[in-house]
Structure formats: structure tokens, C-alpha cells
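Observations on chain architecture
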Amino acid sequence: MMPFTVNIKLSPRTLTGALNIQNKTAVDWGWQGLIAQGCHSVVLVIDPVTAQMIQALERHKANVVKVKWARENYHHSTGSPYSLRLASADVTGKIIVWDVTSGTACCEIQEYSKPIQDMEWMWNQDASRDLLLAVHPPNYIVLWNADTGTKLWKKSYTENILSFSFDPFDPSNLALLTSDGIVFISDFSHSKAPGSTGKKVYISSPYSSPVHSKPTPATGAKKALNKVKVLITNEKPSAESVTLNDCLQLSYLPSKRNHMLLLYPREILILDLEVSQTVGVVAIERTGIPFIQVIPCRQRDTLFCLHENGCITLRVRRSNCSAVKEPDPDQSVQELAYDLRCQCDAMRVTKTVRPYRMVCSPVSENSAALIVSDGRVMMWELKAHATRPDIQYSSGVSPLYSPVSFCGVPLRLHQRRIPDLSLDSMIGQSVIAGEEPPKAPLQQEVQLKFLLTGLLSGLPLPPFVIRMSPPLTTKNINQYQPLLAVGTSNGSVLVYHLTSGLLHKELSIHSCEVKGIEWANLTSFLSFATSTPNNQGLVRNELQLVNLPTGRSLAFRGELGNDETPIEMIKVSHLKQYLVVVFKDKPLELWDIRTCTLLREMAKNFPVVTALEWSPSHNLKSMRKKQLAAREAIARQTVSDTEVCSVESSVISLVQEAESRSGLSQSISAREHFVFTDTDGQVYHLTVEGNSVKDGARIPPDGSMGSIACIAWKGDTLVLGDVDGNLNFWDLKARLSRGIPTHRGWVKKIRFAPGKGNQKLLVMFNDGAEVWDTKEVQMVSSLRSGRNVNYKVLDVDWCTSDKVVLASDDGCIRVLEMAMKSASYRVDEQELTDPVWCPYLLLPRASLALKAFLLHQPWNGSYTLDVAQINYTEKEDIKSLIQEQLNSLSNDIKSIFLDPEFSLLQRCLLVSRLYGDESDLQFWTVAAHYLHKFSQGEQLSEPAANGAAAAQGKPGNHLDICYDTLCENAYFQKFQLERVHLQEVKRSNYDHTKKCADQLLLLGQTDRAVQLLLETNAENTSYYCDSLKACLVTTITSSGPSQSTIKLVATNMIANGKLAEGVQLLCLIDKAADACRYLQTYGEWNLAAWLAKVRLNSTECSEVLKRWVDHLCSPQINQKSKAILVLLSLGCFLKVVEMLHSMRYFDRTALFVEVCLKHGVIEVNDNTNKLISSVFADYARTLKALGLKQGAVVFASKAGADGTDLLNELTGIRGASRGEEEQ
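Residues numbered from 1 in each chain as written. Predicted model: local features only at pLDDT ≥ 70, side-chain atom pairs only at ≥ 80, totals over all residues. Heavy atoms only, no water.

- For the protein, an unreviewed UniProt entry supplies the name WD repeat-containing protein 11 isoform X1 and the organism Huso huso.

Set out below in C-alpha cells:
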């Protein structure tokens, strides 16, 4: 006897449902392209492109409150591979760091017992990628090494910390949102805790500002901006004014330096931190829907806003040089305004269905996912479509234009492009004041819209009942599907396909809670539901027979069911012929499933049934044999003997088989048996044949057992479970029984595992479940609520011969191994319906080989996306996984890769975006811009001393301002002038005026600075100093004595701690280069770079920035990646090659050299040739290690003498392998 039948492959998985309120903020969209989400104590990993759940991580014992993907801003190699690292934190303060691909926990951190308020991975230096900053309530921030779980430092503050935000431009700046203000930390470092307690500022609520002092008309939001007074103060607001408690969110703007966003339910405030002043506000009208959350974007100055009705709106910052004329002269004042450009559909909000959170793709910034409280995840994608230029905008907003470049290269006529690749490939850059709107020939006006591209649904609210479809056998193997029917509290039945974990069908069958489901065959099931009892305790019973392929539902008991005692259970016989319906205080009914007829309603004196089970034994085989024999005899009588001889015996057997398959069994009513117990524990045995029911043996109650609650029968084993937790194992063949007390209370359900000879038994209790081996009569595994898990088990069943399925009160259904341990699994073992593009799922070597294959195929005349066409020495299963990844790319991406016009530089950018490689993307974006600039012979425009220089180059063809000091000098200076003008307009007290005047002096705007200095009131203590400063500025001459005096005074001031004042004086006499040197000496590196960009010519600026590069490369700073970006902006391409090579970034170095040679920006001579040969030789070795022999040969041959030995080795290998193939 075989121990098991054939077993279908089913991976452990978790089907999830509604979220807990504590999961509200537990969601994150990583650079890896995946969404992580907390659902009760489970961490889900979702692919947003295909809307599939690819992983469920179970190790937390409490609700998950935060999840964060690790950043990908480091160079990837075999030593530092692409990997899916995720940190999750729960309400008990435990942090778990996961390897998502394998589903294992790499590290567990637990020191405090309160829920983690916020956490973030460190990204700011090249030394370590394992640092995780967490807020432990009430007031600790702790830096952890997430690889080892060790605490690096801890810092406490006096206020309760709610959340924090890092300055994306300066990682030493950190802002903490506390219960009554903001704490600004300016000395954050991974090496030691912040020394100071930070600068504490208080914020008066915008509700006390003039925005809400009167009803706001349609244009009120614009006018209100000019009336907003100082919100940031160093003094605590008065008790009557509402404080920061209303503030929902604090976040630095990633699109421009020193700007912060504060979110209130009805306003978004944009603060300029240099002057501590509100410079922009997005206000909702009185009838508008309040905000929940805002995500500021980096690529463009835009805001994704989530509202309380589930609507996502996109607001784009208005260009300051608007084509639309403002009708109101008051509105000519410059302001930071964000225009509503598009919005998605709202959802119907109820008590149990409300939007929780929104996440946005950090790579493309044009996709958002909305997390709903009922477990749904809605994927919204931003689409741009061209509009006709003759369309007039009734809304009065200026048109948006498409960008002038794609993947870093200016657009050419008829060039193939992907408009929806990312936000910066959809809409062009904002226009700075003073510039004309772009009129490039290839630019089009575009409009934006949201498109729902994916929806992931969850289970409804518990309680559930579950029933697995009949098991797989050798007879039904061709029709079998592993379907799980789930009955819900709202009367619907959901059928899930467990191979994919996807919803197969949702059927609204009942009007009240489903209490039980039994399958009638592979394609139909019976389900029953009972309404709430009336005063007499009577209910409406609904019993439906549902055909799954058609969805047709039949009232199985016809008109019966109103005003009767509730159905307690239904049991289908082993052959699916009969159905027993057991009621609470009414005799059972026996039905024929095939004809839907009532065979027998038992007499009123029939015993009360407490448990019932059908026997697996029947006489179907013997009855079929008899019927076939009778038909054969009739057939033989109707033909002559000679005809009988001529008939082949095989034909007779075929006829017999066809007859038996054509439904002979439908006309046969085989004899079946069932047993049940009454309230006294007596066991009754009944036989059913046709419409006759015969009473069999009765077995008296076992004195050691309480009231029997359930029975299971398989083969010669009968098991009874009682309300006291006892199990009684009967061996019917040996006539032995054995009682085992489990001491776990009421046995709610027992079920035998499917499969011939498989005697495993699943037992469900109030507090969990156990698996028993009935042969050995011993427990195999146990799961207990409150000990192993934190959920309560509602229902259980077997889904295969070695896997169980549990429904639990946390709204989840889990498929587990028989050991009932964690449901985490390897992602690559999943049977996914749609292929998922995620190279992180490949082995490290394979993911790097795929990247190299996509980037560069110099050995081919044309590009290919077929791995089989190249000489790639790797196992076939790895090759097939790589090919699956290539096949999962969209058709647009494939066509771009196969386009011969698509340059290597553009491929580098596209691949870095596809991989979500933050480091690569930054490098190639800056490199592409400046390679094009320098190859076209364009020099960085030099700002004049008065700041009136005009930007050169094509319209909009400059690096985005999110790159800050990496931008061209002229464009950077224009942005700073625009910004200081805005600060000047918004100033509301003397401090703001003073800061504006200081900025204007540094920018060389002396006339305007003098006007501001003369505005100082006579009562002000600084009146005299400001008046003298105004006189000094206006009377400065370039004579030698005055210059030397001012320089002497400036240096003395700097030496005595007045750095800012000394720098101002130096700038007044055009000694900005000296000012930059002093700033760098005193550690003000960012300010020195800023001043150099706005005041110095390109040569002097280059010297200042090169000193900054040396500082960034020093061991204590260790920000070589940033230093390389600065060198790129200076056009020092050879120095970049040397640095990349010294850092052992062999792949990036070789590709950069190739691109530089193509653009002609590296002078080829003996020295450079030596470096280039070394670079190519190292890259050839890298490709050889990855198994890409053809690429290795190409680069080894380019390496000259450095690659000779390697080339000989490779050609020898190739020759040998070719010889083996010929043999």
C-alpha cells in the first residue's frame, strides 16, 4: 500500500484581509520596485506592476506599525549584491530585518516595549549600509547596526517624538516632530550621538492665522498666503492658540534645499528654513475634503496629496513666468503656488472602509499605491497625453510641457521614447522667473491623468468558515484545481485558487452569515447560513447548492427554511450521494444530492445529534460489477454465437469502460453508512441505500469521555473528540480503543488528511490546533494562541496531504506545513500568475550578469534579448530564470533596448532606473548632462558680479534644481535670486528683513540690500548698525586703501567668531574667493560651495569645489560618491575615471570610459591609455567572473598589453568549449 497519493505542489502562503488600525502607517515603496505593507502581525510584499502578493513574512507576535526598505544608493557588485532587505517594527518595540527573497529574519532588535514611532535607513556615507535610526517612545532616538543588532548610540530628548525627517541635501540635518514643536538637529552623525539638544521651535497652528479668520472666497487661498504671519517662533505659543497637535506630517522637500512641508488637515504649508517663514500654502476650500498625507517629489516640484475620501490629487508648482495673465494686480506678487493638475476617483468611505496611507514609487515618482483599511491596495499610475495647442484653459493655469530630453540625451526628431517612464520624462522643468516659456520644436503641451492599473483585494472581515475542494486523486488529476471555499459573515462565498493565492470567484449567495460549506464534487458545493434568531429562537435557514463554473445557485431545500431551528451542520457522504442536515432541536434530514430530493425526515423521537460522520466504506464497486455483468449477459443473449466469436474482447472492455464513465453510477444508489452520537455519548450506526435507512449497531457511551463534539472516520480508524478535550482513537479492525486527554478544552473539529494510507489527523480547539498521527497515536505538531501565535484559530482544514489551512480572527487564512510553523517562503518557489520584473530575486551573480547583458553587447552587431544567443557559461535553470526576467519587461522597454539608435549612455540610465539602483541613477543622470554639455563645447556660464548673467543652452536644458550645487552656475544663481525675492516678499519682521539683506549682499544685489537696511525702525537696537552698513555698501570704492582696510576688518571679524559678517564684507569688495576659503577653513563647506556658484567665475569656482572634493574624500567624511558627482559637474572626467577605478567600481568605470571616448571628452595620450587599458582589463575580469565570456574577450582585447594574458586564457577556454561542442 502506497503511503500517499500524488501531491500537488502548493507553497505555504498567507491570504490577508482587513488591516488593523495600528497598521495604518506600516507601508513603504522601496527603490527595489516592491511595496511592503503590514497586515496585523504579517508583513506583505507586493509587486505593484502585476498587483501580486509575492511574499508574506511572519515572525512578529504583535501588530506591525512600521516597514522600511533599505536604500540602494551604493555600488552593487558580487561583494555588495542586489538584495531585498526590509526592516519592520511592531507595537512591542521589536524590529526585524528581513531577507525578503528567502523569507528569513537576518536580525532581531528588541530593547524597549513600546511601539516604534518612526525609522529610517541611513544612506549618507559610503562606509556602511546597515545603519537604522529608530524612534523609541517616548523620547529616544537610537541608531542600530541592523546587520548585527548592536546599538551604536542613544539620545533622549525632553519632548515626546512623533516622527522625524532627514534633510535630503545635508544628512547632518534632522528635524524631529514633537508633541508641541519641532526640534532641528544640525550635528547628526552615524559615529556619535548628537551633542546638542537641538534648536527647538514652536509653531502656532494655521487655524489661528488669518486664513481662517473669515470665509474664504474662491481665490482666498492665493490671497491668504500674503497674510500668513510668522508661524515659526522660538517662544511657546499662548495657551489659547492651538499648537502643533493638528500637524499631521513634517517632511523636507527633496526637490529644493532648505524647504520643509508641514501638513495640516486643511492646509499644506511650505516653509523656507533659512528665514523660518511660510513661503507657500495650499489651502482647501471650506467645502473641500481634508488632507491625510502628502508625498513631495524629487524629480519635479510636485505634491501627491491623499484626501479623506481616498482621492489622490497631484499638484505641480506653478512656473513663475506664467503665460496666463493674472487679472488681479494683488496676485502679481511672487509666490510658491501649487496648481491642481489631476486627481483620481474617490472611494465610498464607511466605518470599516477608509483610506489609510499612500506610497509613491521613489524611482519613477509617477505611480502611487493607495492602502485601504479593508485590505485593498489600489495602484494608480500617472499618464501624460499631448493636447492641442489651440485649447484654452478655463482653469487659468499655465500649460505643462513635455521634457526636451529622454534618458539624459536631448530629443531628436522621430526618436523612440517612453513618455511614462518617470515623472521627469512626462513634464518638463519649471520655468524660473525672467525666462521665457520653452518653445523647443519637439516640446508638446501635455495634460496629466490618473489611471487605475492594478487592484489587490483582501479577505472580508472575519469570522470565516473554510472548506477545501475534494482532494487530488489519480482519477481527477486532469480536472483538479486546489480551490478553497471561504464563507464570510456577509453571506458571500469566496473561492481562492491556492496555487496562485488569487481570488478565483466571489459569489453572493446568502443574506446572512455563512456557517458551513461542503463540496458536492470538484465543481459544486453546498453552503448554509442562518439568520439571527427571533423571540422564539427560530431562524431562517438558507441551504444553497452552487455550481462554480456558471455561478448558478439553487435553493437546495426549496421553500423549506423559514421559522425553524437553526441548522447546526451539514455532512456530505463519501460518494457525494447523500446529505445529512442536522438541526439544533429538530430531527435530522437525509437528502439525495443528485436529485435534490428529501429521502427521509427522521421521527420526532429521533435522538439529538451532537456529532456525525459518514463512513468511507461503501458497496459501489460490487454494485457496478453486478450491473455490468447483467448488461453483458443481456448483450450476449441478443447476438448469435458466431457473432460473439467475431467480437473482440477489447471492444467489449471499451464498451464497459464507456458505460461506466457515462454515468452508470448515477443510476446506482450505493449503500453508505454514517455514525452519530447523542447527548449521552451513545454511538449509533445507520445504513442508507436508496431511500431506505436501516438502524445498525449501537455502542454504549465511554465513561471516560464527555459529550462528544465531533467525529472523524478514515479506513479502519474512527476518532471521537469531546467537549473536555479528550480524543478517543478506535481501531475498528483490531476492535481496540484508546483515550488520550489533550487538556486543551473543547475539541471543535477533527479532520483526517487526504491520501491513501495517510493517517494524520488535524484537531481544532478553542485556543489553536494540533496534528496527530493516528497510527502511532501521538501528537506531531501543535499551535497555541498566545504562545506560538497571537491570533485565534476560527476554522481548519487540510489543503493537501501534508499542508493545512487555518482561518484566524486577524482576518488571515494561512496555508502552513504540517509543522504549523511560520508561513514565510522563498519567493522564487512561488507559482506566480504573471511574471514579475525584479532582478533582486535572482542570485547575485545572475542579477549582475543580466545587468551587464542589458547594458552592453559589443560582441553583437545588433542587440538581443535572448540569453540563449550568447556564450553565457551558467546552469540552464539560472539561464531560464534570467530569460523569464527579460520576458517580463514591457514591450515599450524591449523595443527601446532593441533600437540601435539608443546609445550606451541612455542604456546606462534606463537600466539603473529598471534596477532601482539609486547610486547608478544619480551618477548617470549627472554624467549624461555634463557629457553632453562639454562635448557640445558649451562652458558653464559665469555669473557676473551683479547677478545679471543669463543662462546659456537650449530651453529647459539644465540639470534639475534638486541636484542643488551640481547645477550650472547661472541657473543656480537665477534660482537663488528668485528664492531671495520670494523671501523678501514674505518677510514679516525685522529678523526676516535682516536675513534677506544678508542674502542679497552675498548675491551681489547691493541696491536692493541697501533699501532693506534703510527700512530698520529707529526704535530698533540695530538701527544705527544697519544705517552705517547701508552707507558702507553704497560708498564702497575699489581703491586700494579702502579695500585693504575692509579686508583687514573682515579677517579680524572672522578670527573673532563673526564668520558671516566677515564673509559679507569680503563679498562687498569682490573677494568672494577669499570668503569661500575662510568658509571652508571653518567647516562651512556647503555655504562655500553655494557662494562659489553664485559669485565666482568658472575657474575660481572650480578651485573652491575641488577643495570640497578633497574634503569629501577624506576618511572621516567618506562621501566619495558625492565627490564624484561634483567632479562630473566640473568636467573633470579623467579624475572621475581614476576615482571610480580606485574604488573598484570596475563596471561603472569601463562604461563611463566608453561613453567619454564616444563623446570625445577625454584626451587620448600615453598616460590616459595606460589608465584606460587597466580599466578595461579589470572589467574583462569582472565579466569573466560573471560568465559573460564574449564580453570579457572584447574588453580584454581593448585592454592591450594589460589584457593579453586574460585574452589568451579566454580564447583557450573558448576554443576548448568549441571543441567539446564539436565532439
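Some remarks on the overall build of the protein
- A count of helical and extended segments in the protein gives 24 helices and 60 strands.
- Expressed as a percentage of the 1223 residues in the protein, the buried residues total 57%.
- Accessible area for the protein stands at about 51400 Å²; split by element, carbon and sulfur atoms hold 50% of it. (Helix = DSSP H or I, 4+ residues; strand = E, 2+ residues; numbered from the N terminus. Buried < 20%, exposed > 50% of the residue type's maximum accessible area, 1.4 Å probe, protein only. Areas by Shrake-Rupley, 256 points an atom, 1.4 Å probe, with all protein chains shown as cover.)

Focus: the pattern of salt bridges
- For the structure on display, the rule yields 55 salt bridges.
- Note that Asp964 and Arg257 form a salt bridge whose closest N and O atoms lie 2.7 Å from each other. Residue Asp964 is found in the loop between α9 (918-935) and α10 (969-986), and its partner Arg257 is found in the loop between β19 (249-252) and β20 (259-263); the two are separated by 707 residues along the sequence. Taken as a pair, Asp964 and Arg257 share a single burial class, namely buried.
- With a shortest N-O distance of 3.6 Å, Asp998 and Lys994 are connected by a salt bridge. Taken as a pair, Asp998 and Lys994 lie in helix α11 (residues 990-1002) at a separation of four residues, close to a single helical turn.
- Residue classification places Asp998 among the buried residues on the basis of a relative accessible area of 16%.
- Taking the relative accessible area as the measure of exposure, Lys994 reaches 34% and is therefore partly exposed.
- It is possible to trace a salt-bridge network through shared partners that takes in Arg467, Glu518, Arg751 and Asp797. (Salt bridge = Lys/Arg side-chain N within 4 Å of Asp/Glu carboxyl O.)

Here's the deal with the nonpolar core
- Membership of the largest hydrophobic core comes to 161 residues, with the highest contact counts inside it found for Trp924, Leu1091 and Phe1152.
- If you tally residues by element for this core, the top one is helix α22 (residues 1166-1186), at nine residues.
- Non-local contacts of Leu1091, meaning those with residues more than four positions away in its chain, are made with Leu1002, Val1063, Cys1067, Ala1072, Ala1075, Cys1076, Leu1079 and Leu1096.
- Residues Met347, Cys360, Val372 and Trp380 belong to the second largest nonpolar core, which totals 28 residues. (Core = buried A, V, L, I, M, F, W, Y, C linked by side-chain atoms within 4.5 Å. Contact = heavy atoms within 4.5 Å.)

Some thoughts on helix α17 (residues 1085-1095)
- Judged by how many residues are buried, α17 sits mostly within the fold: nine of eleven residues are covered.
- The set of residues buried in α17 consists of Trp1085, Ala1088, Ala1089, Trp1090, Leu1091, Ala1092, Lys1093, Val1094 and Arg1095.

Quick look at the state of the cysteines
- A complete count under the given rule lists zero disulfides for this structure.
- The structure places no disulfide on Cys967, whose sulfur is separated from the nearest cysteine sulfur, that of Cys962, by 7.3 Å.
- Of the residues examined, Cys967 reaches a relative accessible area of 0% and is grouped as buried. (Disulfide = S-S within 2.5 Å.)

A word on the confidence of the model for the protein
- Here the protein averages 85 in pLDDT, while 87% of its residues score no lower than 70.
- Across the protein, the secondary-structure element scoring lowest on mean pLDDT is helix α1 (residues 220-227), at 42, and the one scoring highest is strand β2 (residues 27-29), at 97.
- Here residues 1-7 is a poorly scored stretch, pLDDT under 50, and it has 19 contacts once near neighbours within four places are set aside; other chains count.
- Low pLDDT, under 50, characterises residues 658-665; the predicted model gives this stretch eight contacts beyond four residues in sequence or across chains. (pLDDT = per-residue confidence, 0-100.)

A closer look at helix α23 (residues 1189-1198)
- With eight of ten residues buried, α23 lies mostly within the body of the structure.
- Among the residues of α23, those classed as buried are Lys1189, Gln1190, Gly1191, Ala1192, Val1193, Val1194, Phe1195 and Ala1196.
- Where α23 terminates, the next one or two residues include Gly1200, which has phi positive at roughly 65°.

Examining the sheet that holds strand β59 (residues 803-808)
- If you walk across this open sheet you meet the four strands as β1-β60-β59-β58, and the pairing is antiparallel. At either margin of the open sheet sits one strand with a lone partner, and together these are β1 (13-15) and β58 (793-800). Within this sheet the neighbouring strands show an average axis-to-axis angle of 20°, counted without direction.
- Two elements, β59 and strand β60 (residues 813-817), share five bridges in a ladder whose sense is antiparallel. Each residue of the ladder has a partner; that of Val804, found in β60, is Leu816. (Pairing = 2+ DSSP bridges. Axes fitted to C-alpha atoms, helices over the stretch in contact; angles between N-to-C directions.)

Considering the packing of α11 against helix α15 (residues 1059-1068)
- The geometry of α11 relative to α15 is characterised by a closest axis approach of 9 Å and an angle of 40° between their N-to-C directions. One element, α11, and the other, α15, form an angle in the oblique class. Classified by chirality, the crossing of α15 by α11 is left-handed. For the pair formed by α11 and α15, the contact residues are Asp998, Leu1001 and Leu1002 on the first element and Val1063, Gln1064, Cys1067 and Leu1068 on the second.
- Classifying every residue of the contact of α11 with α15 gives five nonpolar, one polar and one charged. (Parallel < 35°, antiparallel > 145°, perpendicular 65-115°, else oblique. Left-handed = near helix turned anticlockwise from the far one by under 90°. Nonpolar A, V, L, I, M, F, W, Y, C, P; charged D, E, K, R; others polar.)

Focus on unusual backbone geometry
- A cis geometry characterises the amide bond from Pro137 onward to Pro138, with omega recorded as 0°.
- Locating Pro138 in the fold gives a position in the loop between β11 (131-136) and β12 (140-145).
- The omega torsion across Pro462 and Pro463 is 10°, close enough to zero to call that bond cis.
- Relative to the elements of secondary structure, Pro463 occurs in the loop between β33 (445-456) and β34 (465-468).
- Even without being a glycine, Ala51 presents a positive backbone phi close to 55°.
- Residue position: Ala51 is located in the loop between β4 (42-47) and β5 (52-58).

Here we look at the pairing of strand β57 (residues 778-784)
- As paired elements, strand β56 (residues 768-773) and β57 share six bridges and run antiparallel to each other. Residue Glu770 lies in a different strand from β57, and its bridge partner there is Ser782.
- Joining the antiparallel neighbours β56 and β57 is a turn of four residues, in which Val777 adopts a positive phi near 50°.

Comments concerning the packing of aromatic side chains
- Using the criterion set out here, one finds 25 aromatic pairs in the structure.
- Taken together, a centroid distance of 5.5 Å and an interplanar angle of 70° make the contact between Trp153 and Phe188 edge-to-face. With Trp153 in strand β13 (residues 150-156) and Phe188 in the loop between β16 (182-185) and β17 (199-203), the pair connects residues that are 35 residues apart, well separated along the chain. We note that Trp153, like Phe188, is buried.
- A centroid spacing of 4.8 Å and a plane angle of 80° characterise the contact between Tyr1179 and Phe1195, whose relative ring orientation is edge-to-face. Here Tyr1179, found in helix α22, pairs with Phe1195, found in helix α23; they are 16 residues apart in sequence, far enough to count as distant.
- Each residue in the set Tyr578, Phe606, Trp614, Phe674, Phe676 and Tyr684 is aromatic and connected to the rest through ring pairs, giving one cluster.
- The ring of Tyr863 carries the charged tip of Arg907 above its face, separated from the ring centre by 3.5 Å.
- In this structure, Lys1198 is placed above the aromatic ring of Phe1176, and the distance from its NZ or CZ to the ring centre is 5.5 Å. (Phe/Tyr/Trp six-rings, centres within 6.5 Å; stacked < 30°, edge-to-face > 60°. Lys NZ or Arg CZ within 6 Å of the ring centre and 35° of its normal.)

Describing the environment of Phe765
- Its location among the elements puts Phe765 in strand β55 (residues 760-765).
- Owing to a relative accessible area of 0%, Phe765 belongs among the buried residues under this scheme.
- As for Phe765 and Lys792, which are separated by 27 residues in sequence, their C-alpha atoms are 9.8 Å apart.
- Discounting chain neighbours no more than four positions away, the residues touching Phe765 are Thr742, Arg744, Gly745, Trp746, Val747, Lys748 and Glu770.

Regarding the pairing of strand β40 (residues 541-547)
- Among the seven residues of β40, six are classified as buried, and the element is accordingly described as predominantly covered.
- Relative to β40, strand β39 (residues 524-530) runs antiparallel, the two sharing seven bridges. Paired with Thr530 across the strands is Asn541, a residue of β40.
- Relative to strand β41 (residues 553-555), β40 runs antiparallel, the two sharing three bridges. Bridge pairing in β41 links Val546 to Ser553.
- Hairpin geometry of β40 and β41 is characterised by an intervening segment of five residues between the two adjacent antiparallel strands and by a positive phi of about 80° at Gly551.

Considerations on the sheet that holds strand β6 (residues 64-69)
- Strand order in this open sheet of four strands is β6-β7-β8-β9, and the pairing throughout is antiparallel. The open sheet is flanked by β6 and β9 (104-109), the only strands paired with a single partner. Between one strand axis and the next, the sheet turns by 20° as a mean value, whatever way the strands run.

Regarding the packing of α17 against helix α18 (residues 1098-1113)
- Axis separation between α17 and α18 bottoms out at 9 Å; the angle between their running directions is 160°. Overall, the two elements α17 and α18 adopt an arrangement that is roughly antiparallel. The two elements α17 and α18 meet at a crossing, and its hand is left-handed. The segment α17 lies against α18, with Trp1085, Asn1086, Ala1088, Ala1089, Ala1092 and Lys1093 engaging Cys1101, Val1104, Leu1105, Arg1107, Trp1108 and His1111.
- Residue composition of the contact of α17 with α18, by class: eight nonpolar, two polar and two charged.

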